[in-house]
Amino acid sequence: MVRPVEAVRARPFLRLAWLAIASPLLGGCDGASSGGSPRSEAAPGDTAAMYAAQLAESLGGRDAWDRTRYLSFRWIVERDGQVVANREHAWDRYDGRYRVAYEQEGAAYVLLFNVNEVEEHPELGKVPAGRAWVGGTELTGAARDSALRRGYGAFINDTYWAVMPFKWEDPGVHLAYEGTRTLSDGGEYAAVHLSFEQGLGTTEDQYWGFLDESGRMAAWQYHLGRSEAPGDVIWWSDWRQVGDIQFAMTRVMDDGERFMYFEDVAASETVPEGRFDPPAP
């Protein structure tokens, strides 16, 4: 797993990781790219693979996700009733173009980069090729690189919160069915454990997805590799049809408190004209 760079937290457990993606549809270890999507091979009769297939169907089907070239959303985090993070994302999943816009300390940031073109910076770590503006002024040099690093971290963190259920069958992801688990609402859910092959970042991180009777993911739980205990159960709720896929609009704590939600969600087979153009002077 690759850890988010300066990711905004609603609570300490929000220090989430991003599953390093290896399928051609979503690019190499840190990116997104083209059309078709090879999937992990499952042994006949594999119960975990069966649940993964049911999950895919509940989301609209594997082909629907593959056809979804463009995805955009606003990622919003609340703490104590106050919005503490609000970032706008737009993603061309076929060629890796990405846009992040947000405000920080009263300044408006717009970042344009390519998640398939990432290099290791000697001081900053992974920095994508791209451009950055603050308050309408384009950044250069170290200031640009630092802003792009933060933007890439936002892509890593926020997108996994958005589309993790679509990533179960990526190469390098290992699924294990662990029977059913009774959660706080008294319901029984199929529990599937996700772990990751060496080379997919910080592979000691682990996830559990809990599926309801329809096959859809109702909640998840994760265990960061450096944590002493698993994190809280987080409910994925308010599922809606967006384009050809199903998207969960809200993340809710086990005590019922909403702490994260998505607005302005769009998914389509085409990219809106001008979506990745530089901001007007």
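The structure under discussion appears in the preceding block.
Residues numbered from 1 in each chain as written. Predicted model: local features only at pLDDT ≥ 70, side-chain atom pairs only at ≥ 80, totals over all residues. Heavy atoms only, no water.

Caption draft 1: Representation of the nonpolar core in the model. By size, the foremost hydrophobic cluster in this structure holds 61 residues, and its most contacted members are F113, M164, W168, W220 and F262. Those residues in contact with F262 that lie beyond four places of it in its chain are F73, R74, W75, D158, W161, A162, F247, A248, M249 and R251. With 10 residues, the next largest nonpolar core counts W208, F210, A218 and V252 among its residues. (Core = buried A, V, L, I, M, F, W, Y, C linked by side-chain atoms within 4.5 Å. Buried < 20%, exposed > 50% of the residue type's maximum accessible area, 1.4 Å probe, protein only. Contact = heavy atoms within 4.5 Å.)

Caption draft 2: Geometry of the side chain of D92. Along the chain, the position of D92 falls in strand β2 (residues 82-92). Overall, D92 belongs to the buried group, its relative accessible area being 0%. A distance of 2.8 Å separates a polar atom in the side chain of D92 from a polar atom in the side chain of R69. In terms of polar contacts, D92 uses its side chain to reach the backbone amide nitrogen of D95, at 3.5 Å. Leaving out residues up to four positions away in the same chain, D92 has contacts with R69, R97, V271 and F276. (Helix = DSSP H or I, 4+ residues; strand = E, 2+ residues; numbered from the N terminus. Polar contact = N/O pair within 3.5 Å; in protein donor to acceptor, adjacent residues only side chain to side chain.)

Caption draft 3: Region of interest: unusual backbone geometry. Unlike most non-glycine residues, E105 shows phi in positive territory, near 55°. The topology assignment puts E105 in the loop between β3 (97-104) and β4 (107-121). On the basis of relative accessibility, which here comes to 81%, the residue E105 falls in the exposed class. One non-glycine residue, D264, lies in positive phi territory at about 55°. Tracing the sequence through the fold places D264 in strand β13 (residues 258-268).

Caption draft 4: Spatial organisation of helix α3 (residues 141-163). For α3, with 23 residues, the first-to-last C-alpha span of 33 Å sits near the 33 Å given by 1.5 Å per residue. The buried count for α3 comes to 17 of 23 residues, which makes it a mostly enclosed element. (Expected span 1.5 Å × (residues − 1).)

Caption draft 5: Summary view of the environment of Y70. With respect to the helices and strands, the residue Y70 is situated in strand β1 (residues 70-79). Residue Y70 is classed as buried on the basis of its relative accessible area of 3%. In contact with Y70, other than residues within four places in its own chain, are A90, W91, A266, A267, S268, T270, V271, P272, R275 and F276. Here S72 takes part through its side chain, which lies 3.4 Å from a polar atom of the side chain of Y70.

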